[in-house]
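# Chains, contacts and geometry: an overview
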Amino acid sequence: MPAVSKGDGMRGLAVFISDIRNCKSKEAEIKRINKELANIRSKFKGDKALDGYSKKKYVCKLLFIFLLGHDIDFGHMEAVNLLSSNKYTEKQIGYLFISVLVNSNSDLIRLINTGIKNDLASCNPTFMNLALHCIANVGSREMAEAFASEIPRILVAGDTMDSVKQSAALCLLRLNRTSPDLVPMGEWTARVVHLLNDQHLGVVTAATSLITTLAQKSPDDFKTSISLAVARLSRIVTSASIDLQDYTYYFVAAPWLSVKLLRLLQCYPPPEDAALRSRLTECLETILNKAQEPPKSKKVQHSNAKNAVLFEAISLIIHHDSEPTLLVRACNQLGQFLQHRETNLRYLALESMCTLASSEFSHETVKTHIETVINALKTERDVSVRQRAVDLLYAMCDRSNAKQIVAEMLSYLETADYSIREEIVLKVAILAEKYAVDYTWYVDTILNLIRIAGDYVSEEVWYRVIQIVINRDDVQGYAAKTVFEALQAPACHENLVKVGGYILGEFGNLIAGDSRSSPLVQFNLLHSKFHLCSVPTRALLLSAYIKFINLFPEVKTTIQDVLRSDSQLRNADVELQQRAVEYLRLSCIASTDILATVLEEMPPFPERESSILAKLKRKKGPGNLPDIDDSRRNVNGNTEHSESTEETKKGSTEPFTDLLNVNSTPPAGASLLVDVFSESSTSPASIEVSEEHFPRFVCKNNGVIYENQLLQIGLKSEYRQNLGRMYIFYGNKTSTQFLSFSTSVTSHDPLKTHLSVHAKPVDPIVEGGAQVQQILNIECVSDFTDAPVLNIQFRYGGTLQNIAVKLPVMLNKFFQPTEMTSQDFFQRWKQLGAPQQEVQKIFKAKHSMDTDVTKAKILGFGVALLDGVDPNPANFVGAGVIHTKNTQVGCLLRLEPNTQAQMYRLTLRTSRDSVSQRLCDLLSEQF
């Protein structure tokens, strides 16, 4: 950069800033600013032409006023004029103003682009750098269209200076992130890889960032970068700090470049070439060796730089998962950090070891640090570090240490932070079942779990206990005895009462021979908890009572008296009242044989995927959940089994599957049992999906999507490129609570792969007259035609309500409007002239043919309305780009109204025939 001479200082700007700082109040500051704005405006509008210095000074003042938080609505043209100056300081201020204040949709963009083109063609490195920085800072689609093909040429040109190459690489990286569809992949991609060999390390650093991003999108095009990256990394790692003086940071040679090269190598599997693989292994070993050397400086910057390279090297070792020696060495190195005084290092070590625990090469080495991890769980002050310790214990667990780890987790659970208790409960439940050799230990563990953290034990956990006990004859008697003893405590959590009621209702006869647990004692024990429980638990206990009548005829009279009492027959809750009446009549009129048939033991549950594991995956996200299977999965995705693993799997009779799903259809012959003993639920497939208001949302994002006499559902949506967020508002129109309120979003199989919808949890209770909110995060992976369905389930007055509503998530929601000139539009229109790319539909108008309404609907559809493009002013022309995760699809539309015939002709052209058809179907229904 050229030096700024002393004469370039702007005294007027300095005085103005001083005046602002000396203002005693906000009012005084605004008054001074308004005075200055009036002065600048008069200067710009005056007859006397301003010189470059004056323009620069006034533009600087406007920029300073904007940074103070005030709106600036003039001066943009003067800033653009500064771009044509040959003085560095004036050009710099012009570019600075444009980068900060000019909107990407501004009318001045063309003038700005002209100035930038002139500077890029000037061969003046200073001016070229300013222009490239401006493009990167603004990063608009218009700039990407104008310069996306020019910047790669500058980047790979042989006569381009190093500083300009750096700026060009970073500018191209920015454009690739903002408008990836506009960055062409041509011959320059092969040449840019060779920048890794450039002598200037600044160019190499910038090029590595660019290549890493491009390699993630098109890995095959940049495979040649592997050998160059390894060679450059080898030279850096083996060099002394004095060899790279300009890029040595506190005795660490080029740490930023080393980290970027290691990240680039993580885009690919291990090199196939033996020599290259050996050289990379040597580099990684050298980095691990340097970590063991005494520090060359006591300053924190030295250790930060050194550890940054080390952790990235360990990430690469974990990613490759192919060198047992390196994996074990990495694990031992991380083990040293577990007791480091720096909290961040302990956190990173625990996080990396979680991944190492899933590799068969390093799993045993990770287990050697179990005592250190348990100690961290007990002594760490930072909750995030404790959470990583829990994750690591979960990941390192196997049959040899399951009891120790589960015991430690249960011990920690009593004092654990509330934010992570539910997650720990789920992990304990999964580990206890997964590695339960003795199922009596499993029952004891889960009951202990309910006792310690009952409020955080979800329904999935206690459902699972019931499944295990019902499906395993050898544990039923022990379970009945254990829950009976647990219920004798003065204060029991409600979840324990649920488990006790269910198990004693099924298997209480197995312990009835002991006088201490006789049928009457069992009944009195359960009934003593009845008045303390919620309605769903009371309903379950009533079902247990009717089971007792079948198991123990001697307590029939006592139970009938309870069912006959006013508190049951006249209960305010409809569900409880109905159960009491029906159970009482059943016990009075049914013969012993009929009772035995209706109330026989529950049959074994069918096998399904674990609902507990599914819930933990939803909570943590699939990518964040350590693999606890005996077959350790490596990072590259292949599963590697040991012989012992295979034997274990062959000999196992208890697969890790979910045996209970309360919303599923019960097995044949068990319908009566399910109806008597559990809450009835309607299969979602049998519910009629409401689509009444669905078409209204094609051209709008807000409104009411569903309403009946109980519930109103409102939507508010926002979309940006391929991502969307939908706020759903559930309004209770009654004065009564909605209980067990739950929602789920379902998609048919084809739609699941094209559209990802993640729903955040919603409050289980909706008070009368209240409203609760739920957020859905939506990602469009590729083009789709169907729409997801929102399922709502809740209890109102004891009756289960099921509602299904089609969510208005359509393909057009992912439009990005595109402005085009008439020439560009028709040029693009001709390019999309293939028969399969065009869809045309002629249809009768369903509504009045109002021009303003039609414009509003086309804009609401998501495209940009292009005025003055069509020769017929009565026609409507629009353009936009559908953004998906996999690709972007350009779209042009033309709507031709015929007011005399009350007809429309709609023509759509896109690069994908399925997109054209879907958009045509959606839009034609709106007119």
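Please read all numbers here as calculations on a predicted model, not as lab measurements.

## Let's talk about the overall build of the chain
Secondary structure assignment for the chain yields 40 helices and 19 strands. Looking at the chain residue by residue over its 927 residues, the buried ones come to 51%. Long-range contacts, defined here as pairs at least 24 residues apart, represent 68% of the contacts in the chain between residues at least 6 apart.

## Remarks on the sheet that holds strand β8 (residues 723-732)
Ordered in space as β6-β7-β8-β11-β10, the 5 strands form an open sheet in which the pairing is antiparallel. The strands lining the two open edges of the sheet, one partner per strand, are β6 (702-707) and β10 (755-759). Looking at each pair of strands side by side, their axes are set apart by 25° on average, direction ignored. Examined bridge by bridge, β6 and strand β7 (residues 711-720) share 5 bridges and lie antiparallel to one another. In the sheet register, E707 faces β7, and the bridge partner there is Q712.

## A short note on helix α7 (residues 125-138)
Its 14 residues place the ends of α7 20 Å apart at the C-alpha level, agreeing with the 20 Å of an ideal helix rising 1.5 Å per residue. Looking at the buried residues of α7, the elements they touch are α5 (88-101), α6 (109-120), α8 (141-147), α9 (150-156) and α10 (162-178). Between a side-chain oxygen at the N-terminus of α7 and the backbone nitrogen of T126 the separation is 3.0 Å; the capping residue is N124. Immediately downstream of α7, the backbone of G139 shows phi near 60°, a positive value.

## Some points on the packing of aromatic side chains
Taken as a whole and judged by the stated rule, the model has 24 aromatic pairs. Both rings, one in F311 and one in F337, keep their centres 5.5 Å apart while their planes meet at 25°; by these two values the pair is stacked. Of this pair, F311 sits in helix α16 (residues 300-320) while F337 sits in helix α17 (residues 324-337), and the two are 26 residues apart along the sequence. Since its relative accessible area comes to 7%, F337 is described here as buried. Taken together, the ring pairs in this structure connect Y730, F738, F741, F794 and Y796 into an aromatic cluster. Above the plane of the ring of F74 lies R41, whose end atom (NZ or CZ) is 4.2 Å from the centre. Positioned above the aromatic ring of F697, the side-chain terminus of K700 is 5.3 Å from the ring centre.

## Some words on the state of the cysteines
In this structure the tally under the stated criterion is 0 disulfides. With no disulfide of its own, C171 lies closest to C134 among cysteine sulfurs, the gap being 9.2 Å. Given the relative accessible area of 1%, C171 is considered buried.

## A short note on the side chain of S352
Along the polypeptide, S352 turns up in helix α18 (residues 343-356). Setting aside chain neighbours within four positions, we find S352 in contact with F311, I318 and L334.

## Concerning α5
Helix length check: α5, at 14 residues, gives a terminal C-alpha distance of 20 Å against a target of 20 Å (1.5 Å per residue), a fit within 8%. Judged by how many residues are buried, α5 sits mostly within the fold: 10 of 14 residues are covered.

## Observations regarding the sheet that holds strand β12 (residues 789-796)
With respect to topology, 4 strands assemble into an open sheet ordered β5-β13-β12-β9, the strand pairing being mixed. Edge positions in the open sheet fall to β5 (689-690) and β9 (739-746), since each of these has one partner strand only. As defined by bridge partners, β12 adjoins strand β13 (residues 799-806) across 8 bridges and the pair is classed as antiparallel. Bridge pairing links V789 to K806 in β13.

## Examining the packing of helix α28 (residues 519-530) against helix α29 (residues 535-551)
Where α28 contacts α29, the two axes come as close as 10 Å, and the packing angle between them is 165°. Put simply, α28 runs roughly antiparallel to α29. At the point where α28 passes α29, the crossing takes the left-handed sense. Residues P519, Q522, F523, L526, H527 and F530 of α28 touch α29, and the partners they reach there are R538, L541, L542, Y545 and F548.

## A word on the pattern of salt bridges
Inspection of the entire model under this criterion finds 34 salt bridges. E364 serves as the salt-bridge partner of K367, at 3.3 Å between the closest nitrogen and oxygen. Of this pair, K367 and E364 both sit in helix α19 (residues 363-367), 3 residues apart, which is roughly one turn of the helix. Overall, K367 belongs to the buried group, its relative accessible area being 15%. R564 serves as the salt-bridge partner of D561, at 3.3 Å between the closest nitrogen and oxygen. Of the two residues, D561 and R564 both sit in helix α30 (residues 556-564), 3 residues apart, roughly one turn of that helix. D561 sits in the partly exposed class, given a relative accessible area of 43%. The exposure class assigned to R564 is partly exposed, which follows from its relative accessible area of 39%. Residues participating in the shared-partner salt-bridge network are D19, R32, E36 and K61.

## Description of the side chain of T160
Among the secondary structure elements, T160 is positioned in the loop between α9 and α10. A distance of 2.7 Å separates a polar atom in the side chain of T160 from the backbone oxygen of I154. Contact partners of T160, with chain neighbours within four places excluded, come to I154 and K165.

## Quick word on unusual backbone geometry
At C123, a position not held by glycine, the phi torsion is positive, near 65°. Relative to the elements of secondary structure, C123 occurs in the loop between α6 and α7. In the Ramachandran plot, D321 falls in the positive-phi region, its phi being about 50° despite a non-glycine side chain. Its location among the elements puts D321 in the loop between α16 and α17.

## Some points on a nonpolar patch on the surface
Side chains of L67, L96 and V100 sit close together on the surface and give an oily, nonpolar patch of about 270 Å² of accessible area. Among the secondary structure elements, L96 is positioned in helix α5. On the basis of relative accessibility, which here comes to 41%, the residue L96 falls in the partly exposed class.

## Some thoughts on the nonpolar core
Grouped together as the largest cluster of nonpolar side chains are 189 residues, with contacts concentrated most on I112, I116, V192 and L449. Per-element accounting of this core gives the leading share, 10 residues, to helix α24 (residues 439-453). When neighbours within four sequence positions are excluded, I112 is seen to be in contact with V80, L83, I98, V102 and M143. By size, the runner-up hydrophobic cluster in this structure holds 60 residues, among which are Y730, V762, F843 and L922.

## A closer look at the environment of A395
Mapped onto the secondary structure, A395 falls in helix α21 (residues 383-396). Judged by its relative accessible area of 1%, A395 is buried. Separated by 41 residues in sequence, A395 and C354 have C-alpha atoms that sit 5.9 Å apart.

## Brief notes about the confidence of the model for the chain
Summary statistics for the chain give a mean pLDDT of 83 and a share of 89% for residues scoring 70 or more. Here helix α36 (residues 671-677) is the element of the chain with the lowest mean pLDDT, 30, and helix α14 (residues 255-265) is the one with the highest, 93. Note on residues 1-7: pLDDT under 50 across the span, and 5 contacts to partners over four residues away in sequence or across chains. Confidence drops under pLDDT 50 across residues 627-685; counting only partners more than four residues distant or on other chains, this segment forms 132 contacts.

## Considerations on the packing of helix α2 (residues 26-45) against helix α3 (residues 52-67)
Two numbers describe how α2 lies on α3: the axes approach to 11 Å, and their chain directions differ by 145°. As α2 packs across α3, the resulting crossing turns out to be left-handed. Residues I33, E36, L37, N39, I40, K43 and F44 of α2 touch α3, and the partners they reach there are Y58, K61, L62 and I65. Of the residues assigned to the contact of α2 with α3, the class counts are 7 nonpolar, 1 polar and 3 charged.

## Examining the environment of L893
Position of L893 relative to the elements: it lies in strand β18 (residues 888-898). For L893, a relative accessible area of 0% puts it in the buried group. Separated by 16 residues in the primary sequence, L893 and V877 place their C-alpha atoms 5.8 Å from one another. Not counting the four nearest positions on each side in its chain, L893 is found in contact with F825, W829, V863, F876, V877, G878, T907, L908 and L923.

Conventions we followed
Residues numbered from 1 in each chain as written. Predicted model: local features only at pLDDT ≥ 70, side-chain atom pairs only at ≥ 80, totals over all residues. Heavy atoms only, no water. Helix = DSSP H or I, 4+ residues; strand = E, 2+ residues; numbered from the N terminus. Buried < 20%, exposed > 50% of the residue type's maximum accessible area, 1.4 Å probe, protein only. Contact = heavy atoms within 4.5 Å. Pairing = 2+ DSSP bridges. Axes fitted to C-alpha atoms, helices over the stretch in contact; angles between N-to-C directions. Expected span 1.5 Å × (residues − 1). Polar contact = N/O pair within 3.5 Å; in protein donor to acceptor, adjacent residues only side chain to side chain. Phe/Tyr/Trp six-rings, centres within 6.5 Å; stacked < 30°, edge-to-face > 60°. Lys NZ or Arg CZ within 6 Å of the ring centre and 35° of its normal. Disulfide = S-S within 2.5 Å. Parallel < 35°, antiparallel > 145°, perpendicular 65-115°, else oblique. Left-handed = near helix turned anticlockwise from the far one by under 90°. Salt bridge = Lys/Arg side-chain N within 4 Å of Asp/Glu carboxyl O. Patch = residues over 30% accessible without salt bridge, like charges linked within 9 Å, V, L, I, M, F, W, Y side chains within 5 Å. Areas by Shrake-Rupley, 256 points an atom, 1.4 Å probe, with all protein chains shown as cover. Core = buried A, V, L, I, M, F, W, Y, C linked by side-chain atoms within 4.5 Å. pLDDT = per-residue confidence, 0-100. Nonpolar A, V, L, I, M, F, W, Y, C, P; charged D, E, K, R; others polar.

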